[in-house]
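One-letter residues, chain by chain:
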Amino acid sequence: MATNLTPSLVRNILRKEFSKDLDKFEIIKAISLLAQNNQIGQELVLRLLSRRDDFIGYEIIIDSLIRRVGLYPYLQQESLSLNDSIAFEFHKPIGLADNIVFHHAQAEVYYSLMKGENIILSAPTSFGKSLIIDAVIASNKHKNIAVVVPTIALIDETRKRLSKYKKDYKIITHPTQEIEDKNILILTQERAITIINEIPIDFFVIDEFYKLSPTKSDSQRAHILNHVFYQLVKQNAQFYLLGPNIEEITTELLVNIKFRFIKTDFKTVIAEKHKINIPKGEKPINKLLELTSKLKEPTLIFCQSPASANRVANELLLNGKFNNLKENDSLVSWIKSNYHEKWILANCLEKGIGIHHGKIPRAIAQKSIKLFNEGKINFLICTSTIIEGVNTKAKNVIIYDNKIARSKFDFFTFNNICGRSGRMFSHFIGNIYLFHEPPSPELPLVDFPIFSQNEDVPAELLINLDKEDLKENSKKTLEKYYSQKHLSIQVLSENSFIELDYQIELAKFLEENINKVESYLNWKSVPSNDQLKVACILIWNYFIKSKRRIYGVSSGKQLHFRINQFREAGNLKNYIQQFIGNNNDLSKINEAIELAFDIQRHWINFQFPRYLLALNNIANHVLAKQSKSQGDFSSYANMVECYFTEPYVVPLDEYGLPVQISLKIGKQIELDKNIDKSLIAIKNLNPEKVDLSEIEKEFVYELKEYL
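Residues numbered from 1 in each chain as written. Predicted model: local features only at pLDDT ≥ 70, side-chain atom pairs only at ≥ 80, totals over all residues. Heavy atoms only, no water.

Time to look at the packing of aromatic side chains. Tallied over the entire structure, the rule returns 34 aromatic pairs. For the pair Y575 and F579, a centre-to-centre distance of 4.9 Å together with 80° between the ring planes defines the contact as edge-to-face. Placement of both Y575 and F579 in helix α25 (residues 572–580) is noted, with a separation of four residues, approximately one turn of the helix. Of the two residues examined, Y575 and F579, each falls in the buried class. Ring pairs connect the aromatic residues W523, F566, Y575, F579, F633, Y636, Y643 and F644, which therefore count as one cluster. The lysine or arginine in question, R51, covers the ring of F18, its NZ or CZ lying 4.0 Å from the ring centre. Positioned above the aromatic ring of Y482 is the side chain of K467, whose terminal nitrogen or guanidinium carbon lies 4.5 Å from the ring centre. (Phe/Tyr/Trp six-rings, centres within 6.5 Å; stacked < 30°, edge-to-face > 60°. Helix = DSSP H or I, 4+ residues; strand = E, 2+ residues; numbered from the N terminus. Buried < 20%, exposed > 50% of the residue type's maximum accessible area, 1.4 Å probe, protein only. Lys NZ or Arg CZ within 6 Å of the ring centre and 35° of its normal.)

Turning next to the sheet that holds strand β9 (residues 270–275). The strand order across the open sheet built from six strands is β9-β16-β13-β10-β12-β11, with neighbouring strands paired in parallel fashion. Of all strands in the sheet, those bounded by a partner on one side alone are β9 and β11 (353–356). Each neighbouring strand pair of the sheet contributes to a mean axis angle of 20°, computed without reference to strand direction. Across four bridges, the pairing between strand β10 (residues 299–302) and strand β13 (residues 396–399) is parallel. Residue pairing for β13: F302 is matched across the bridge by I399. (Pairing = 2+ DSSP bridges. Axes fitted to C-alpha atoms, helices over the stretch in contact; angles between N-to-C directions.)

Once that is clear, we can look at the sheet that holds strand β3 (residues 170–172). An order of β3-β4-β2-β5-β6-β1-β8 is seen for the seven strands of this open sheet, with the pairing classed as parallel. The two strands at the open ends of the sheet, each matched to only one other strand, are β3 and β8 (260–263). For this sheet, the mean angle separating the axes of adjacent strands, direction not counted, is 15°. Inspection of the sheet shows strand β5 (residues 203–207) paired to strand β6 (residues 238–243) by five bridges, in the parallel sense. Bridging from a neighbouring strand, I206 pairs with L241 of β6. Contacting β2 (144–148), β5 and β6, helix α10 (residues 219–234) crosses the sheet at an angle of about 160° to β5. (Contact = heavy atoms within 4.5 Å.)

This paragraph deals with unusual backbone geometry. Apart from glycine, the bulk of residues carry a negative phi angle, and the bulk of peptide bonds sit in the trans form. A positive phi angle, near 60°, is found at Y643, a position not held by glycine. For Y643, the position within the fold is in the loop between α27 (634–641) and α28 (649–654). A positive phi angle is found at F644, which is not glycine, with a value near 60°. Note that F644 resides in the loop between α27 and α28.

Bringing the nonpolar core into the picture now. With 183 residues, the main nonpolar core has F204, F229, F448 and F543 as its most contacted residues. Ranked by residues supplied to this core, first place goes to helix α26 (residues 586–625) with 18 residues. (Core = buried A, V, L, I, M, F, W, Y, C linked by side-chain atoms within 4.5 Å.)

Oppositely charged side chains are able to pair whenever their charged atoms sit close together. Applying the stated criterion across every chain, the model contains 39 salt bridges. For R159, the salt bridge identified is with D156, shortest N-O distance 2.7 Å. Separated by three residues within a single helix, R159 and D156 lie in helix α8 (residues 152–162), roughly one turn from each other. When its relative accessible area of 3% is taken as the criterion, R159 is described as buried. D156 sits in the buried class, given a relative accessible area of 2%. A salt bridge links K664 to E696; the nearest nitrogen and oxygen atoms lie 2.9 Å apart. Here K664 is found in helix α29 (residues 659–666), whereas its partner E696 is found in helix α31 (residues 694–704), with 32 residues between them in sequence. Owing to a relative accessible area of 29%, K664 belongs among the partly exposed residues under this scheme. (Salt bridge = Lys/Arg side-chain N within 4 Å of Asp/Glu carboxyl O.)

Another point: the packing of helix α22 (residues 514–521) against α26. Here α22 crosses α26 at 125°, and the two axes come no closer than 11 Å. In terms of orientation, α22 and α26 fall into the oblique class. Crossing hand, α22 versus α26: left-handed. In this structure, α22 contributes I514, E518 and L521 to the contact, and α26 contributes A619, V622 and L623. A breakdown of the residues in the contact of α22 with α26 according to their chemical character gives five nonpolar, no polar and one charged. (Parallel < 35°, antiparallel > 145°, perpendicular 65-115°, else oblique. Left-handed = near helix turned anticlockwise from the far one by under 90°. Nonpolar A, V, L, I, M, F, W, Y, C, P; charged D, E, K, R; others polar.)

So, to be careful, I would describe these as geometric facts and stop short of saying anything about function.
Here you go:
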């Protein structure tokens, strides 16, 4: 065999079955020479590790190569040389388990944070960015830590991971929980903004920090995240911002705030891309069915939307190649009994196929991820909900669609989807199967608009800044709001998720019609039907201002109807049935089920309650100025947010306990309205002592594991 093997030749050799006469020493020797180039060397060492069992007798040399490219987590501690042992010990973070060690690039970030530096990190999905958070917490240097994440699904995943620190810190995931002496707050930006000013935070993390740059589809959430970032920076808290595949960031922060941007391509797993060729005239779904019949390891199938995910799921079911799995039987029966017997998710789980998208109830979506990571389902059909930091043990990713909803995704999103393949210690090499050409390789620049304050930064964001932090152009933007007399700056700021001009328009309308609308706005506790109807119409006409159908609602009157319809249904199963009626068409049944979920998630649980509180805020300001009695909508907003049931159902659902089970438990033991007390009651609950089915007990045990 030649001794000057190229990287390409080494790759090809390591991809295939070894011939009997293969000179393995020559392979290792070639990798050793090529490892002088860090990036190629790192890749080849990872490929070598994937074949480690084929290189028995070369352990010391392999460990030496691992150390040379900085992949210390893959060292086998028991057989290290003295030099390797010293390097290994140096990369072990203080306070974590003895077998945890950082790779070279992780250690750089960790030691920078431990020195008190502010760090913004762009690194691949497999880098291990979250483990650095764990290590910083384990150092016990900080009293109050905030971890801001983009989704409720990530709150739960992060909570479970950080629950190992519960002896030293109280884990807070909801603004209504009581603060203790030392706390870790794990919150979305919408929750963080309501409490971060009440707690002196000394260290904070923003996960997926690229979301600070507004996009057309997500500007409102980006503005709130910027506000959170600003408030925490103003507290002089140390920060660690992390995300994948960022090319550059804006350098503007407050004058006295310094930070370091670290961009690295350091990988701990590698990915092989495979283009799927679809002959002219053949349907892509046929190729997908052919591919899935060959893949035996955990596989994600990325689809552009829930509708596309359902179509793929339906084709896999009709394909007839998936056998029933008995181990999921009890879960399948429970889902059919509590939602609908013909819901496609239940039928898929029966065949070892999961579905994960934004319409599925949170606890059920979490369960699908768990089953996938435990190997109880082998395929998980997903949408963009899974690419924002949710960790799985997928070896393969099939990118079936090249869009998110109706828009083609960019190279940044493409990279994030690809990053879901491979897993440290489980799959050194992941596979990505492409049904489309990848987008042009262009990575984003992340701006922090609340600090850069360019001319296109909206007033809704600027209104939350202290005057001394406003640039001259920003002061001019805000002049008309400071000079108007209809609403205070405080009210505008508190409702800044709504356009400021819309708020003022509403205030003017109320001022001009106060005698007509007064009795519809000064209610407390529970509104009459007419008062609710007026509230819905005002919300739609002044806050939403849309002629489109949004999550099953297209007017204020329809919003009013949907809320009453949900309340009168009594439970989700009945509500779903109202949408299905006598329909027997499976696709229509699934559309109806997911429309019901849409309305429940978007309007009932989220948008209507916060719009109602904003309306209350504006109305009370107008009523107070005219010395009239004010209203209090907070009780009703809470009631709607909790699906007209008990206050504990939503937080427990976020913790992985379906609403139906928490209500069943609530009828047998006392579950307090207070979240902390409810969690303690569940923690102390013996599931064997209450009337629950086996699968319901399983949900409870899984929840208790992290309390």
